[in-house]
Amino acid sequence: MADLIVVDRDGVEHKVEGKVGVSVMETLRELDWGVAAICGGMCSCATCHIYVDDAWLGKLPAPQPDEKELLQELSGYQPNSRLSCQVQLEESVSGLRVSIAPDE
Amino acid sequence: MEGNVVIVGASHAAAQAVDSLRREGFSGRLVLVGDEPELPYQRPPLSKKYLAGEFDPARLWIRPASFYEQQRCEVRLGRRAVAIDRERQSLALDDGSVLPYDALLLATGGRVRPATVPGAQLAGIHYLRTRADVDGIRADLAPGRRAVIVGAGYIGLECAASCAKLGLSVTVLEMAPRVMSRVVAPEMSAFYQAEHASHGVDLRLNTTVAAFEGGPRVSGVVCSDGSRFPADLVIVGIGIVPNVELAAEAGIACDNGIAVDEFCRTSDPKVYAIGDCCSHPSPHYRRRIRLESVDNAFEQAKTAAANICGREVRHDKIPWFWSDQYDHKLQIVGLSQDYDRVVLRGDPATRSFSCCYLKGRELVALDAVNQPRDFMVAKKVIAERVPLDLGRLGDPAVSLKEAGLPA
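Residues numbered from 1 in each chain as written. Chains lettered and ligands numbered in written order. Predicted model: local features only at pLDDT ≥ 70, side-chain atom pairs only at ≥ 80, totals over all residues. Heavy atoms only, no water.

Caption draft 1: Seen up close, empty space enclosed by the protein. Residue and element names in this part refer to chain B. Counted by the stated rule, this structure contains 2 cavities of 30 Å³ or more. As a volume, the largest cavity reaches approximately 40 Å³. Surrounding the largest cavity, His280, Pro281, Ser282, Pro283, Ile289, Leu291, Asn296, His315, Asp316, Lys317 and Pro319 form its lining. Take the lining of the largest cavity: its biggest share by element is 3 residues, from strand β20 (residues 278-282). Its residues assigned to classes, the lining of the largest cavity comprises 5 nonpolar, 4 polar and 2 charged. Roughly 30 Å³ of internal volume is contained in the second largest cavity. Classifying every residue of the lining of the second largest cavity by side-chain character gives 3 nonpolar, 1 polar and 2 charged. (1 Å grid on protein atoms, 1.4 Å probe; cavity = no way out; pocket = protein on both sides within 12 Å on 5 of 7 lines; lining within 4 Å. Points joined across faces, edges and corners; volume = space filled by probe spheres on them. Helix = DSSP H or I, 4+ residues; strand = E, 2+ residues; numbered from the N terminus. Nonpolar A, V, L, I, M, F, W, Y, C, P; charged D, E, K, R; others polar.)

Caption draft 2: Just the interface of chain A and chain B, in detail. Taken together, the 21 residues of chain A in the interface contact 27 residues of chain B. Interface of chain A and chain B: buried area, both sides summed, is about 2,200 Å²; carbon and sulfur atoms make up 50% of it. For A:Glu73, the salt bridge is made with B:Arg373, and the minimal N-O distance between the two is 3.0 Å. In this structure, the connection of chain A to chain B is made through 9 residue pairs in polar contact (both at pLDDT 80 or more). Counting residues per element, the side of chain A that touches chain B draws most heavily on helix α3 (residues 65-72) of chain A, at 4 residues. Partitioned by chemical class, the residues of the side of chain A that touches chain B number 11 nonpolar, 3 polar and 7 charged. (Contact = heavy atoms within 4.5 Å. Buried area = accessible area lost by both parts, 1.4 Å probe. Salt bridge = Lys/Arg side-chain N within 4 Å of Asp/Glu carboxyl O. Polar contact = N/O pair within 3.5 Å; in protein donor to acceptor, adjacent residues only side chain to side chain.)

Caption draft 3: Here's a closer look at the environment of B:Gln16. All names here are of chain B. Structurally, the position occupied by Gln16 is in helix α1 (residues 12-23). Its relative accessible area of 11% is what places Gln16 among the buried residues. Residues in contact with Gln16, not counting those within four places in the same chain, are Phe298, Ala301 and Lys302. (Buried < 20%, exposed > 50% of the residue type's maximum accessible area, 1.4 Å probe, protein only.)

Caption draft 4: Highlighting the nonpolar core. Counting residues in each nonpolar core, the largest one holds 102 residues, and the members touching the most others are A:Leu28, A:Leu96, B:Val170, B:Met188, B:Leu363 and B:Leu393. Membership of the second largest hydrophobic core comes to 29 residues, among which are B:Leu32, B:Leu105, B:Ala297 and B:Ala301. (Core = buried A, V, L, I, M, F, W, Y, C linked by side-chain atoms within 4.5 Å.)

Caption draft 5: Broad picture of the domain arrangement of chain B. All names here are of chain B. We note that the domain assignment places domain 1 (4-111 + 240-308), domain 2 (125-236) and domain 3 (327-403) within chain B. A straight line from the C-alpha centre of domain 2 to that of domain 3 covers 29 Å. Each side of the interface is counted separately: domain 2 has 12 residues, and domain 3 has 15 residues. Approximately 1,000 Å² of surface area, both sides summed, lies buried where domain 2 meets domain 3, with 64% of it carried by carbon and sulfur atoms. (Domains from an automatic or database assignment.)

Caption draft 6: Fine view of the pairing of strand β13 (residues 209-214) of chain B. Residue and element names in this part refer to chain B. Taken together, the 5 bridges between β13 and strand β14 (residues 218-223) define a ladder with antiparallel strand orientation. Note on β14: the bridge partner recorded for Val209 is Cys223. Taking the residues between adjacent antiparallel strands as the criterion, β13 and β14 are bridged by 3 residues, where Gly215 takes a positive phi near 160°. (Pairing = 2+ DSSP bridges.)

Caption draft 7: Spatial organisation of the sheet that holds strand β1 (residues 4-8) of chain B. All names here are of chain B. Within the open sheet, the 5 strands sit side by side as β3-β2-β1-β7-β19. Their pairing is parallel. Pairing within the sheet leaves two strands with one partner each, and these edge strands are β3 (73-77) and β19 (271-273). Pairwise comparison of adjacent strand axes, ignoring direction, gives a mean angle of 15° for this sheet. By the bridge criterion, 3 bridges tie strand β7 (residues 103-106) to β19 in an arrangement that is parallel. (Axes fitted to C-alpha atoms, helices over the stretch in contact; angles between N-to-C directions.)

Caption draft 8: Examining the packing of α1(B) against helix α7 (residues 294-308) of chain B more closely. All names here are of chain B. Running from amino to carboxyl end, α1 crosses α7 at an angle of 35°, the nearest separation of the two axes being 8 Å. At the point where α1 passes α7, the crossing takes the right-handed sense. The residues of α7 that touch α1, namely those facing His12, Ala13, Gln16, Ala17, Ser20 and Leu21, are Val294, Ala297, Phe298, Ala301, Lys302, Ala305 and Ile308. Here the residues of the contact of α1 with α7 are counted per class, giving 9 nonpolar, 3 polar and 1 charged. (Left-handed = near helix turned anticlockwise from the far one by under 90°.)

Caption draft 9: Summary view of the sheet that holds strand β18 (residues 258-259) of chain B. Strand order in the open sheet formed by 3 strands is β18-β20-β21 (chain B), and the pairing between neighbours is mixed. Of all the strands in the sheet, just β18 and β21 (287-289) of chain B have a single pairing partner and so form its edges.

Caption draft 10: The arrangement of the environment of B:Phe298 in detail. Within the secondary structure, B:Phe298 sits in helix α7. According to the relative accessible area criterion, B:Phe298 is buried, its value standing at 12%. Between the alpha carbons of B:Phe298 and B:His12 there is a distance of 6.6 Å; along the sequence they are 286 residues apart. Excluding residues within four positions of it along the chain, B:Phe298 makes contact with A:Ala36, A:Ile38 and B:Gln16.

Caption draft 11: Geometry of α3(A). Listed in full, the buried residues belonging to α3(A) are A:Glu67, A:Glu69, A:Leu70 and A:Leu71. The elements touched by buried residues of α3(A) are β3 (49-52) and β4 (81-83) of chain A together with β23 (328-334) and α8 (372-383) of chain B.

Set out below in structure tokens:
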């Protein structure tokens with residue numbers, strides 16, 4: 001388990017236990033105020049959009065081109081946008097702080 | 001809202017409906033009835049990563065068991081709904097129990113269309129709809145075995161790709177002159193045919209299955225032109241049939257699925273239907289459609305939940321779909337049945353291109369192959385009926401956003 005700090009759409013911060021070795025999406029999907037993740041993690045739908053806290057952004061591997069293209073066309077796109085299905089949670093990033101992006 | 005809501009079916013639409021009903025403020029008794037023995041799970045990975053053995057079964061669940069407890073949802077698994085009594089507003093289950101309802105939500109999905117040729121009952125002939133189906137297929141998979149796949153739609157081709165990846169020798173038999181002929185243009189079919197051929201898949205078009213041979217296990221497939229294909233296993237992927245019987249037997253109107261209005265309401269205002277089992281009016285395409293997609297299941301669940309709870313919401317979404325074969329990401333937005341012209345953006349030889357379906361100057365659908373940006377932009381261009389400059393549309397150096405006619 002690794003800690004995950006999640007800021008929900010109302011700005012409320014939650015500390016949750018994240019599943020290690022799988023994507024952040026798989027933890028967020030199980031939360032009441034989490035993400036839809038319609039395609040189930042295939043990087044095909046852009047319905048698991050999060051913002052990664054700037055302090056953590058550099059500690060994650062950079063997004064692949066397909067993820068970037070999906071993100072850049074979202075109306076809520078920001079430079080720290082990621083698709084949570086493409087961010088792997090590892091113990092090395094325990095404490096990762098992310099915010100759920102608004103519904104499109 | 002209080003009272004009783006019963007959901008029949010336990011897949012994507014049903015799981016989302018549990019979530020959305022509570023979110024919309026339904027505080028009464030909520031019961032979920034499913035005939036499979038397990039909690040709602042994701043179906044899309046079944047023909048892809050799960051079939052290829054790359055997906056842990058525990059990760060298939062859409063929501064963990066604790067979610068249904070938290071939502072105070074009574075889950076009745078391995079139970080089949082047998083009859084709706086519309087006068088008494090109750091649903092009878094196969095164990096004799098009767099559930100009263102104030103609103104009944106049918107999310108009964110579809111079942112595989114069975115092959116009806118001689119030998120169709122032989123062992124080793126598989127279908128793909130449920131997790132149990134895929135566990136059965138996986139038990140038959142081993143490198144070097146010969147898999148014959150009947151049908152070159154999404155399911156058939158995804159299975160072909162998964163089997164080829166696992167080192168099986170794969171033959172695909174398709175009645176039509178090209179693959180995915182119901183849903184994509186000839187240019188797209190040509191691309192996927194070449195991709196499957198390059199991975200060693202033997203694709204036979206214009207080929208109709210006449211019989212399966214062998215016993216007790218299937219050993220081969222005989223076609224109507226007399227050709228024979230030896231097989232260690234067969235996967236039949238020739239479409240699904242919507243599960244309408246429960247509704248139809250109760251006198252609820254059906255029309256290529258359980259017929260609902262834009263509020264997901266059937267001909268009985270206390271009964272709603274969502275997902276693969278229902279047909280609904282599409283305001284955008286101005287006709288009645290039935291969709292087999294996770295996105296539609298999800299969106300209709302939200303719409304039905306809102307309407308059940310007294311918040312009037314219309315279902316008017318541009319549908320979208322995806323398919324993963326080999327390393328190619330195919331994303332489809334819109335419905336391509338009614339178009340008069342196809343414009344390609346980019347060269348299929350680069351393996352990154354889009355196929356645009358137009359009616360006049362209006363984009364009605366787009367298939368994006370490894371081209372996620374076009375997929376995202378097309379959602380808006382289609383919904384807003386942006387008139388396009390066809391010359392600029394065909395130039396991949398011009399973004400799809402910039403392909404609109406000057407105002």
